[in-house]
Structures are given as C-alpha cells and as structure tokens.
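Residue strings, one per chain:
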Amino acid sequence: MKKNLVLTGMMGVGKSTIGKKLAKRLKLKFADIDKIIEDKEKCSIKEIFELKGESYFRKVEKKITLEILKKHGFVIALGGGAILNSSIRKEVNNSSLSFWLDLNLKTLVSRLKNVQKRPLLSELNLEKTVNKIYLERKKIYSESDFKIKCNDLDINEITKKIINLYENSTN
C-alpha cells in the first residue's frame, strides 16, 4: 500500500494547485484540508477565525486532518499551520511522505498581496507578517521528508520533481 503524499508549506505557496495536479497524475484522491474545513463549517477559514477564534479552527483542523491521514491513497494539501500540531506531525511521519514546498518570501508576499481570505495576514505590514510566520514555521517545515525549492520552477517542473521523489521512495 502506497503512502499518502502530504504537501506542507506557507500559505500561497501552491499546495492546493500542485496537489490537484499530483493526484491526477498519480491517480490518487486529493484532499485539500482547508477546503474540507470550509465545506464542513459552511464558511470561510477567515470567518471561522473571526467568529469562533483560532483555537476552535485548530481543533477542527486537527480532527479532519487526522481522519484523512488515516486513510490511504491520498495527496493531501495541509493548511499552512497544520504541521505545527504535534499529533498531525506524528501521523504525517507514520502514514505519509511529506514535501515542504518552499518559496522565497518576496514571491510569497507578491502572491498574497491581494488575498483577502487569509486570517493571519496583516495588510498593514504584509511583508513583516509573512516573514514572521515563515520564521516561526521554518524549523518544523524542514522536518519534511523532502524540501522542494519552488522559486525557479513552474508547476509542471515541481509536479514532476515530486512524482519522481515519491515514486522512488515508495517502490
């Protein structure tokens, strides 16, 4: 039984977009954790943060993520902060091959500039906020099985690279 393929990294790095492409190419199911949460809660992540708070969101995120990780045959796009949870990290290590999609901060900031749906981003100083979140998470992201530097690669190159690493590691 092949392990799940988990994508982690900062918001805006392309986990959902790349995950869909990977799932299609590998003939696996795709799970976008943030999308599943929004569907179950019937509101956006930003609204969940505003109405019920971050700790409520993290509880729901943990429950849903662990449920999906226990299944097989998935490409899973984690929320940007999900891997900070030790239970999620442990299950990722047990059930999956994990890939950290890393992108330079300048590119990340430009991608996130006009995005309104990210609850942790301060429009007042986006660059400073993104940098702070990245520095807080970088050490845990780096515990992934593989790090993919996405800076100079297009989506097809990133997908191909991940597929090669995944197939060589699971066969």
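The structure under discussion appears in the preceding block.
Residues numbered from 1 in each chain as written. Predicted model: local features only at pLDDT ≥ 70, side-chain atom pairs only at ≥ 80, totals over all residues. Heavy atoms only, no water.

**Student:** In this structure, what is going on with the packing of aromatic side chains? I would like to understand it.
**Tutor:** We describe a pair of aromatic rings using the distance from one ring centre to the other and the angle between the two ring planes. All told, the structure shown has three aromatic pairs when counted by the stated rule. Measuring from ring centre to ring centre gives 5.1 Å for Phe49 and Phe57, while their planes differ by 40°; the resulting arrangement is tilted. By relative accessible area, Phe49 is classed as buried at 14%. Ring centres of Phe99 and Phe146 lie 5.0 Å apart, and the angle between their planes is 20°; this geometry places the pair in the stacked category. In this pair, Phe99 sits in strand S4 (residues 96–102) while Phe146 sits in strand S5 (residues 146–149), placing the two residues 47 residues apart along the sequence. (Phe/Tyr/Trp six-rings, centres within 6.5 Å; stacked < 30°, edge-to-face > 60°. Buried < 20%, exposed > 50% of the residue type's maximum accessible area, 1.4 Å probe, protein only. Helix = DSSP H or I, 4+ residues; strand = E, 2+ residues; numbered from the N terminus.)

**Student:** Even after reading the chapter, I still don't get the sheet that holds strand S3 (residues 74–77), so can you show me in this structure?
**Tutor:** Neighbouring strands of a sheet are bound in pairs by backbone hydrogen bonds; such pairs are parallel or else antiparallel. Ordered in space as S2-S3-S1-S4-S5, the five strands form an open sheet in which the pairing is parallel. Pairing within the sheet leaves two strands with one partner each, and these edge strands are strand S2 (29–32) and S5. Sheet twist, expressed as the mean angle between neighbouring strand axes with direction ignored, is 20°. The strands that helix H2 (residues 33–41) touches are S2 and S3; relative to S2, the one it contacts most, it runs at about 70°. (Pairing = 2+ DSSP bridges. Axes fitted to C-alpha atoms, helices over the stretch in contact; angles between N-to-C directions. Contact = heavy atoms within 4.5 Å.)

**Student:** Would you explain the pattern of salt bridges in this entry?
**Tutor:** Pairing between side chains of opposite charge can happen when the charged atoms of each approach one another. Enumeration over the complete set of coordinates arrives at 11 salt bridges. In this structure, the salt-bridge partner of Arg58 is Glu54, at a minimum N-O distance of 3.2 Å. Of this pair, Arg58 and Glu54 both sit in helix H4 (residues 54–69), four residues apart, which is roughly one turn of that helix. A relative accessible area of 35% places Glu54 in the partly exposed class. Lys63 is paired through a salt bridge with Glu67; the nearest N and O atoms lie 2.8 Å apart. Here the residue Lys63 and the residue Glu67 both occupy positions in helix H4, the gap between them amounting to four residues, near one helical turn. For Lys63, a relative accessible area of 54% gives the class exposed. (Salt bridge = Lys/Arg side-chain N within 4 Å of Asp/Glu carboxyl O.)

Just distances and angles here, no functional claims.
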